[in-house]
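Chain and residue survey
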Amino acid sequence: CWDGSGLDELDPEMTAAVQRAAGMLREQGYAVSELGWDEELRTLSADHLCVMASEMAHQLTQRLAPYPEQVSPQLAALLTSGAAIPESTYREALDRRDQLRTLLAERLADDQVILGPGTPGPAPLGHAGTGAPSMNRPWQQLGWPQVAVPGAQTEEGLPLGLALIGRPGQEAQLLRVGAQLEGALTRG
């Protein structure tokens, strides 16, 4: 179980939902323990931003140059920052990713998955955005599959997305545990 600490400020209802879901998994016979990898996940999150910006700048800058009016200010800023990242910084981020991927894979048993917050809080109202990606960055950097588990809600009825994360090749396990957890969350 991972509480999301260190990556973003969590809504107290999200923290409670993760704890409640961990309790439900215990009741279903799963061994639940704390991941305790805060520093490593902060490193992966920062490295994700570096790698993503660098790769996007190298892949998209030339393609989008003829269409500047169609590029959002956020994407333009990301491409500019990505182009300024030295190749050595990019390579160091990839090396850290590979090292941490190996360490975490060695730490987890074959059938273990990680439960945590999918977002810092409830889904935003309206269609202006999908919410903060901060909770997903470390897992994206590792290249590990994630399953969003619906069913948790705030007191006002807004959805709280939980996440299950596992090693590559564990997709069936993630889906099985996710379905069980969703059922438990929607029942009560």
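Our subject in this report is the structure included herewith. Position numbers for residues count from 1 along each chain, tracking the sequence in the order it is written. In keeping with the predicted nature of the model, local features appear solely for residues at pLDDT of at least 70, side-chain atom pairs appear and are counted solely at 80 or more, and the whole-chain, interface and lining totals rest on all residues. With hydrogens and water excluded, all non-hydrogen atoms of the structure serve as input to the side-chain values.

This next bit is on the overall build of the chain. Each helix corresponds to a stretch of at least 4 residues labelled H or I by DSSP, and each strand to a stretch of at least 2 residues labelled E; elements are numbered beginning at the N terminus. Across its full length, the chain holds 6 helices and 3 strands. The secondary structure elements of the chain, listed N-terminal to C-terminal, are α-α-α-α-β-α-β-β-α. Its C-alpha atoms put the chain at 55 × 40 × 25 Å along the principal axes. A separation threshold of at least 6 residues defines the contact pool for the chain, and within that pool the share at least 24 residues apart is 74%. We get accessible surface area from the Shrake-Rupley algorithm with a probe of 1.4 Å; when it comes to residues, only the shown protein chains can shield them. Accessible surface, the chain: about 10,300 Å² in total, of which carbon and sulfur atoms supply 53%. A residue counts as positive if it is Lys or Arg and as negative if it is Asp or Glu; His and the chain ends are not included. Taken as the charge centre is NZ of Lys, CZ of Arg, CG of Asp or CD of Glu, depending on the residue. Looking at charge distribution, the chain has the averaged site of its 13 positive side-chain charges lying 5 Å from that of its 24 negative ones. Contacts were defined at the residue level, with two residues in contact if any of their heavy atoms lie within 4.5 Å.

A pair of Phe, Tyr and Trp rings is counted when the ring centres sit within 6.5 Å of each other, with Trp represented by its six-membered ring. The angle between the planes then sorts it: under 30 degrees is stacked, over 60 is edge-to-face, the rest tilted. Across all of its chains, the model carries 1 aromatic pair by this definition. Between W2 and W139, the ring centres sit 5.4 Å apart and the planes meet at 80°, which makes this aromatic pair edge-to-face. One end of the pair, W2, is in the segment before α1 (12-27); the other, W139, is in helix α5 (residues 137-142), with 137 residues separating them in the sequence. Like W139, W2 is buried. Accessibility here uses a 1.4 Å probe with only protein chains present; expressed as a share of the type maximum, an area under 20% marks a residue as buried, one over 50% as exposed, and anything in between as partly exposed.

Throughout, an axis means a line fitted to C-alpha atoms (over the contacting stretch in the case of helices), and angles, computed between N-to-C directions, take values from 0 to 180 degrees. The interhelical angle for the contact between helix α2 (residues 38-64) and helix α3 (residues 73-83), taken along N-to-C directions, is 115°, at an axis separation of 7 Å. It follows that α2 is roughly perpendicular to α3 by the angle criterion. With respect to the hand of their crossing, α2 and α3 are arranged in left-handed fashion. Residues M52, A53, S54, M56, A57, L60, T61 and L64 of α2 touch α3, and the partners they reach there are L75, L78, L79, S81, G82 and A83. All residues other than Ala, Val, Leu, Ile, Met, Phe, Trp, Tyr, Cys, Pro, Asp, Glu, Lys and Arg, Gly among them, are scored as polar; the first ten of these are nonpolar and the last four charged. Class assignment for the residues of the contact of α2 with α3 results in 10 nonpolar, 4 polar and no charged. Throughout, the term roughly parallel applies to angles under 35 degrees, roughly antiparallel to angles over 145, roughly perpendicular to angles from 65 to 115, and oblique to all others. In this scheme the crossing of two helices becomes right-handed for a clockwise turn of the near helix relative to the far one and left-handed for an anticlockwise turn of less than a right angle.

Keep in mind that these numbers describe shape and distance, not what the molecule does.
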